[in-house]
Amino acid sequence: MSSDTARLVEHGRVLAIEAGNQNPSLRDAIWELMMEAAATLRRLPDREIGWLKAAERSNMPEYLHDREEIFAAAVSRGGQYEAPKVRLGPPDAAAIDRMDAMLAMLNVITGRDRRREIGVVFAMASGVPVRIIRFRFGYQRSAIYKIRDRGLDKIEQHVAARIKRAA
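Residues numbered from 1 in each chain as written. Predicted model: local features only at pLDDT ≥ 70, side-chain atom pairs only at ≥ 80, totals over all residues. Heavy atoms only, no water.

(A) Main features of the overall build of the protein. Per the secondary structure count, the protein includes 8 helices and 0 strands. The order of helices and strands in the protein, counted from the N terminus, is α-α-α-α-α-α-α-α. Going through the 167 residues of the protein one by one, you find that 28% of them count as buried. Put simply, of all contacts in the protein between residues at least 6 apart along the chain, 64% involve residues at least 24 apart. Per element, the accessible surface of the protein, about 11,500 Å² overall, is 54% carbon and sulfur. (Helix = DSSP H or I, 4+ residues; strand = E, 2+ residues; numbered from the N terminus. Buried < 20%, exposed > 50% of the residue type's maximum accessible area, 1.4 Å probe, protein only. Contact = heavy atoms within 4.5 Å. Areas by Shrake-Rupley, 256 points an atom, 1.4 Å probe, with all protein chains shown as cover.)

Right, dumping it as structure tokens:
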């Protein structure tokens, strides 16, 4: 189990390096893994939405336009061209395993408002704007960042202890 943790952390370090962090710490790796878990969760198929919005949410690009249609659409938008949106396909099994591991690590966050703190950490990892988190959870902006940092500290301590036990 702890070798799985070491592999997970190594993948997080690779993600952090790809994100531009040249010398990532354990905390940076955990944050990158948490953001990857949120992205993986978003990419999982939702069968109910799938049949409600079958044509709207396909991973095929929009139909092709000719130059005149593209130009007319750009003029109607004030000169801005909008590229076709392509939805990513479902995640692979390894990404889902990493997501499960990271979601399980959220359980190490303890405290009086445990559920709210987990919600704040995962919402920030999901890319939810802070103003929306403030509205949803009722925390001040500085408190939101402190809650995120405290949650990441607890996860980091848990992961470091698991790696240390394996060595």
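(B) Up close: the packing of helix H6 (residues 114-125) against helix H8 (residues 141-166). Look at H6 against H8: their axes get within 9 Å of each other, and the N-to-C directions meet at 95°. When the axis of H6 is compared with that of H8, the two are roughly perpendicular. Within the contact between the two elements, H6 uses Glu 117, Val 120, Val 121 and Met 124 and H8 uses Ile 144, Tyr 145, Ile 147, Arg 148, Arg 150, Gly 151 and Lys 154. For the contact of H6 with H8, the residue count by class is 6 nonpolar, 1 polar and 4 charged. (Axes fitted to C-alpha atoms, helices over the stretch in contact; angles between N-to-C directions. Parallel < 35°, antiparallel > 145°, perpendicular 65-115°, else oblique. Nonpolar A, V, L, I, M, F, W, Y, C, P; charged D, E, K, R; others polar.)

(C) Up close: the packing of aromatic side chains. Taken as a whole and judged by the stated rule, the model has 0 aromatic pairs. When the ring centre of Tyr 139 is taken as origin, the NZ or CZ atom of Arg 116, which lies over that ring, is 4.7 Å away. Here the guanidinium or amino end of Arg 136 rests over the ring plane of Phe 137, the centre of that ring lying 5.0 Å away. (Phe/Tyr/Trp six-rings, centres within 6.5 Å; stacked < 30°, edge-to-face > 60°. Lys NZ or Arg CZ within 6 Å of the ring centre and 35° of its normal.)

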